[in-house]
Amino acid sequence: MDWSIQDVARLANTTSRTLRHYGTVGLLEPSRIGANGYRYYDERSLVRLQRILMLRDLGLGLPAIREVIDEQTDETRALAAHLAWLREERERLARQIRSVENTIDTLDRKEQLMAEQMFDGFDHTAYRDEVEERWGKAAYADGDAWWTRKSPAEKAAWQNERRQLAADWQAAAERGLAPEGEEAQRLARRQFDWLAGIPGTPGSGTTGPTREYFAGLGEMYVADERFAANFGGVRGAEFLRDAMVVYADRQLRPSQET
């Protein structure tokens, strides 16, 4: 089954002109062009369009959207990662809504505002004490400054990368891959590169995470259920940890040797 360009524009609440532009830039080609010259789109095209529109809502430009979609060829896993983010956002926004509603209600009733209830859902520094305790105040300050400088689109792209990486780890664990295998080790390299790009982590901006930090982080993913949940639970986190330990042993030198 396929749909005409007019039907797709109506269903997606966009315009035929926009869809034609997506085709011109190579982002969304029609599945066929009829004898009448009309463009038609099949189910696969609609899935791709759904992903385009979701990424556009995150503030990404068309070149960045194309790069993300071309890299994430498994549509089901990509959509699952995005769905996880949408659920996180739904919960965060629900908390913000409740917070603002409570503030309005309190003001209307001329009662005393409860400061601790006014900013639920707004805090991006929830782990400050924990980060400073583990890796020092400079680690938090560097990471916070790096995050604050990012534009909304850059933050969305980074979060999308994080969610996709976690989804790939979970899928690999569910498939029963060996932690020391080639595919698991490629994931470990992606994890290493991702961490290397976060200021404040030991080795960031230079050689990348140290052996001790990288392997220790894997242990923390297992021990802390908040982190384990990102990888499907303890089983997924254990697979991640084991692959990270193998990578650390094979590829990274102890910190005193760097």
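## So, the packing of helix H3 (residues 43-57) against helix H4 (residues 62-71)
- Two elements in contact, H3 and H4, have axes whose closest approach is 10 Å; the angle formed by their N-to-C orientations is 130 degrees. In terms of orientation, H3 lies oblique with respect to H4. Between H3 and H4 the crossing geometry is right-handed. Facing Arg48, Arg51, Ile52, Leu55 and Arg56 of H3, the residues of H4 in contact are Ile65, Val68, Ile69 and Asp70.

## Topic: the packing of aromatic side chains
- Counted according to the given criterion, the structure contains 5 aromatic pairs.
- The interplanar angle of 75 degrees and the centroid separation of 5.8 Å between the aromatic rings of Phe192 and Phe214 together place this pair among those described as edge-to-face. Here Phe214 lies in helix H11 (residues 211-223) and Phe192 lies in helix H10 (residues 182-196), a separation of 22 residues in the sequence.
- The ring of Tyr40 is capped by Arg32, whose NZ or CZ atom sits 4.1 Å from the centre of that ring.

## What about the sheet that holds strand S3 (residues 39-42)?
- Pairing within the open sheet is antiparallel, and its 3 strands lie in the order S1-S3-S2. Only two strands of the sheet have a single partner each, and these edge strands are strand S1 (2-4) and strand S2 (32-33).
- Across the sheet, H3 lies against S1 and S3, angled at about 85 degrees from S3, the strand it touches most.

Each value, and the rule that gives it
Residues numbered from 1 in each chain as written. Predicted model: local features only at pLDDT ≥ 70, side-chain atom pairs only at ≥ 80, totals over all residues. Heavy atoms only, no water. Axes fitted to C-alpha atoms, helices over the stretch in contact; angles between N-to-C directions. Helix = DSSP H or I, 4+ residues; strand = E, 2+ residues; numbered from the N terminus. Parallel < 35°, antiparallel > 145°, perpendicular 65-115°, else oblique. Left-handed = near helix turned anticlockwise from the far one by under 90°. Contact = heavy atoms within 4.5 Å. Phe/Tyr/Trp six-rings, centres within 6.5 Å; stacked < 30°, edge-to-face > 60°. Lys NZ or Arg CZ within 6 Å of the ring centre and 35° of its normal. Pairing = 2+ DSSP bridges.

By themselves, these observations are geometric and do not establish any function.
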